[in-house]
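# Analysis of the macromolecular model
Here's the letter readout for the chains.
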Amino acid sequence: MRRGEFLKPIRLALLGCGTVGGGVVKLLRRNAAAYAHKLGAPLELAGVADRSLKPDRALGLTRDLITRDAAALVVREDIDIVVELFGGQEPARSLILRALASGKDVVTGNKAMLAEHGAEVFGAAARCGRAVGFEAAVAGGIPIIRTLREGLSGDRHRAVYGIVNGTCNSILTTMSLRGAEFKDALAAAQRAGLAEPDPTLDIGGHDAAHKLCLLAALAFGVMLKPAQVYTEGITRVTQDDIAYARELGYTTKLLAIAKEDHGAIEARVHPTLLPREHVLANINDAYNAIYIDSDALGTTLYSGFGAGQLPSATAVLADIMEIARERRAGGAGRAHALGHPVELIRRARVKPMADVICEYYLRFMARDEPGVLGAIASVLGRNGISIASVIQKGRGGKKTVPVIMRTHAAPERNLVRALARIERTPMVDAKPAFIRIEENL
Ligand code: HSE
């Protein structure tokens with residue numbers, strides 16, 4: 001190839017032109033010359049399937065590019081790479097399988113579908129000798145998929161901790177730094193266009209659980225289903241608990257945690273207290289971060305924008321570029337999209353939550369009477385839970401007062417048993433609240 005001469009274009013089909021898809025279209029236009037130079041071939045948008053898209057001359061979206069017939073588009077002869085940004089389970093899954101079967105490589109940002117159907121989709125890609133890029137599926141613009149698959153592939157990993165949902169991180173930051181209650185912080189995130197009108201997937205922790213399934217596959221070579229991830233969202237986190245935890249030296253975050261323990265996988269998403277000086281405790285607003293504890297390397301942190309139009313679009317483009325390079329080199333796609341041959345990916349043996357060991361923050365609404373604190377401590381003690389510190393908040397003539405405790409590490413089984421026992425007594429007048437602490441990450 002001579003200087004200034006390019007090979008034939010790599011032709012793309014885009015399924016879905018919403019926020020991220022629109023970003024992909026913008027970057028393809030804005031960076032066309034740079035991409036052509038990096039690849040030695042131009043990237044060309046050859047079709048867009050989107051039901052509500054209107055032609056847009058400024059973006060180069062002419063009427064003839066737009067179609068409603070995604071099923072026909074993904075098998076079109078002239079398409080090289082299908083970029084799936086519809087989201088959701090169907091028709092995304094079927095369209096991806098159809099595209100792979102007809103020899104296309106696929107790029108997707110669809111964490112929910114991959115978490116549920118990853119074994120099927122990656123298996124199909126391996127059988128067809130095609131690639132599935134999914135960098136945009138986890139933590140948007142942060143190149144964490146490549147990092148785990150390539151950069152960290154020479155090491156073994158003990159644990160992955162992720163702040164991987166920007167909506168939750170933003171809400172918890174507003175609650176922590178600005179004293180807002182959950183519903184007001186959620187409303188602010190919705191006004192800012194960060195939280196969806198129906199925020200359930202985010203605030204319920206499900207989006208983070210989908211991402212954790214993919215991170216665990218790369219880090220540990222296991223395929224988890226979302227239903228195997230213990231998932232607790234942030235809807236029950238109160239301003240009072242955030243403030244009391246801060247007095248104990250902790251910051252509240254929604255963490256997605258995967259650990260390997262002698263072949264068993266701990267996989268959980270829940271509000272977590274972190275020592276306030278820890279680097280993850282200082283990832284605020286809509287930022288995401290992934291903190292990985294590796295055997296030889298030690299700990300590393302990757303942070304940046306986990307969502308948003310252009311940051312997420314850069315992740316899609318990175319996958320397109322990688323596949324385009326492989327195509328140019330005559331490659332037959334990546335058989336190892338998950339960093340392991342797909343047939344060697346194990347089904348995860350998941351550690352039951354009852355066996356998970358944490359320190360805990362506890363809050364009891366306790367009767368302010370002699371002996372009550374001692375009686376609560378005694379139930380905890382009988383269940384093998386040792387108390388590290390206690391704060392009682394004021395008297396103020398109320399029937400009950402908040403008693404805050406921090407415990408030493410104990411299995412969750414013991415804690416659940418102790419709290420159930422305490423709840424049944426007249427010492428407290430509400431269900432005790434608890435938040436898990438990650439003290440030694
Ligand atoms: N809604 C997600 C978030 C981004 O708030 O981080 C897409 O997964």
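These notes cover the structure that comes with them. (Residues numbered from 1 in each chain as written. Predicted model: local features only at pLDDT ≥ 70, side-chain atom pairs only at ≥ 80, totals over all residues. Heavy atoms only, no water.)

Attention shifts here to the site of the ligand. If you check the shell around the ligand, you find Lys111, Asn165, Gly166, Thr167, Asp202, Asp207, Lys211 and Ala307 and nothing else. Lysine 111 places a side-chain nitrogen or oxygen 2.9 Å from an oxygen atom of the ligand. Threonine 167 is positioned with one of its side-chain polar atoms (N or O) 2.6 Å from an oxygen atom of the ligand. Here the ligand loses 81% of its free accessible area of 260 Å² to cover by the protein chains. For the shell around the ligand, the secondary structure elements donating two or more residues are α7 (166–178) and α10 (206–220). By residue class, the composition of the shell around the ligand is 1 nonpolar, 3 polar and 4 charged. (Near = heavy atom within 4 Å. Polar contact = N/O pair within 3.5 Å; in protein donor to acceptor, adjacent residues only side chain to side chain. Areas by Shrake-Rupley, 256 points an atom, 1.4 Å probe, with all protein chains shown as cover. Helix = DSSP H or I, 4+ residues; strand = E, 2+ residues; numbered from the N terminus. Nonpolar A, V, L, I, M, F, W, Y, C, P; charged D, E, K, R; others polar.)

With that out of the way, let us pick up unusual backbone geometry. In this model, glutamate 90 is joined to proline 91 through a cis peptide bond whose omega is 10°. A positive phi is found at alanine 139, a non-glycine position, where the angle reads about 60°. We classify alanine 139 as buried; its relative accessible area is 0%. At histidine 262, a residue that is not glycine, the phi angle is positive and equals roughly 50°. Within the element layout of this structure, histidine 262 appears in the loop between β10 (250–261) and β11 (264–275). The class for histidine 262 is exposed, based on a relative accessible area of 76%. (Buried < 20%, exposed > 50% of the residue type's maximum accessible area, 1.4 Å probe, protein only.)

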